[in-house]
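Structural overview
One-letter residues, chain by chain:
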Amino acid sequence: MQIRELSVEGALEITPNPISDDRGLFVSPFQETPFRLATGRRLFSVAQTSHSRSRRGVVRGVHFTATPPGCAKYVYCPRGSAIDVVVDIRVDSPTFGNWDAVVVDQEHFRAVYFPVGVGHAFIALQDDTVMSYLFSGEYVPENELALSVTDPELGLPLPQDLTPILSARDRVAPTLAEARERGLLPHYDKCKAAEVALGH
């Protein structure tokens, strides 16, 4: 398993080593020991697991959880393929405004670790793309917020050959600047404190 730091502080790309033979494939997208050796901490206690299934062109995000309470996540793609994007929206973070992207798919089973307070978006590149999530907290609708995935200030990597399919909520989500002006963005210090509370 290889673990690489992304350009958003605290975010990681995790690449497992699939085992293939004439029967098929076996892979472990999350392994505690390599994660602990690379980060010096255990993964959060999992409070919820979820899956989403999307057709080609679906864009979900940029989604984030109000902090507090905050939520960390660990995401991989067991079917199809997607561009998975982490966006640093934590006010006063050393990498505020930065984003990074990882292609996640059913060939390499890369995963992305999202620390508390960052934004998450993905673009489905194939029909029936499934994304699997481990969450440090349970879903609470009033804590779930969104930013515009088409915000030119962010300049996220939306493929030019796809027409984005967005939910009603995501179509009207504010830009990063608008969300900051409204006081919706999490603060870096509160996000780090929330991670400490998770046992990081």
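Below: a short report on this structure. Every value quoted in this text rests on a predicted model; they were computed, and no experiment measured them. (Residues numbered from 1 in each chain as written. Predicted model: local features only at pLDDT ≥ 70, side-chain atom pairs only at ≥ 80, totals over all residues. Heavy atoms only, no water.)

Below, the discussion takes up unusual backbone geometry. Note that the residue after T67, namely P68, is joined by a cis bond; omega there is -5°. Relative to the helices and strands, P68 is located in the loop between β6 (59-65) and β7 (73-79). Here the amide bond leading from P68 into P69 is cis, since omega sits at 10°, within 30 degrees of zero. With respect to the helices, strands and loops of the structure, P69 is situated in the loop between β6 and β7. Unusually for a residue other than glycine, D92 sits at a positive phi of about 75°. Along the chain, D92 falls in the loop between β8 (81-87) and β9 (99-105). Among the residues examined, D92 registers a relative accessible area of 63% and is labelled exposed. Notably, D128 is not glycine yet its phi reads approximately 55°, a positive angle. Inspection of the secondary structure puts D128 in the loop between β11 (119-124) and β12 (129-135). Residue classification places D128 among the partly exposed positions, given a relative accessible area of 36%. (Helix = DSSP H or I, 4+ residues; strand = E, 2+ residues; numbered from the N terminus. Buried < 20%, exposed > 50% of the residue type's maximum accessible area, 1.4 Å probe, protein only.)

Right, let's talk about the sheet that holds strand β1 (residues 2-5) for a bit. Taken in spatial order, the 6 strands make up an open sheet running β1-β2-β10-β7-β12-β5, and their pairing is antiparallel. If you trace the sheet from one side to the other, it starts and ends with β1 and β5 (48-54), each paired once. For this sheet, the mean angle separating the axes of adjacent strands, direction not counted, is 20°. Note that strand β2 (residues 12-15) and strand β10 (residues 111-114) share 3 bridges and pair antiparallel. (Pairing = 2+ DSSP bridges. Axes fitted to C-alpha atoms, helices over the stretch in contact; angles between N-to-C directions.)

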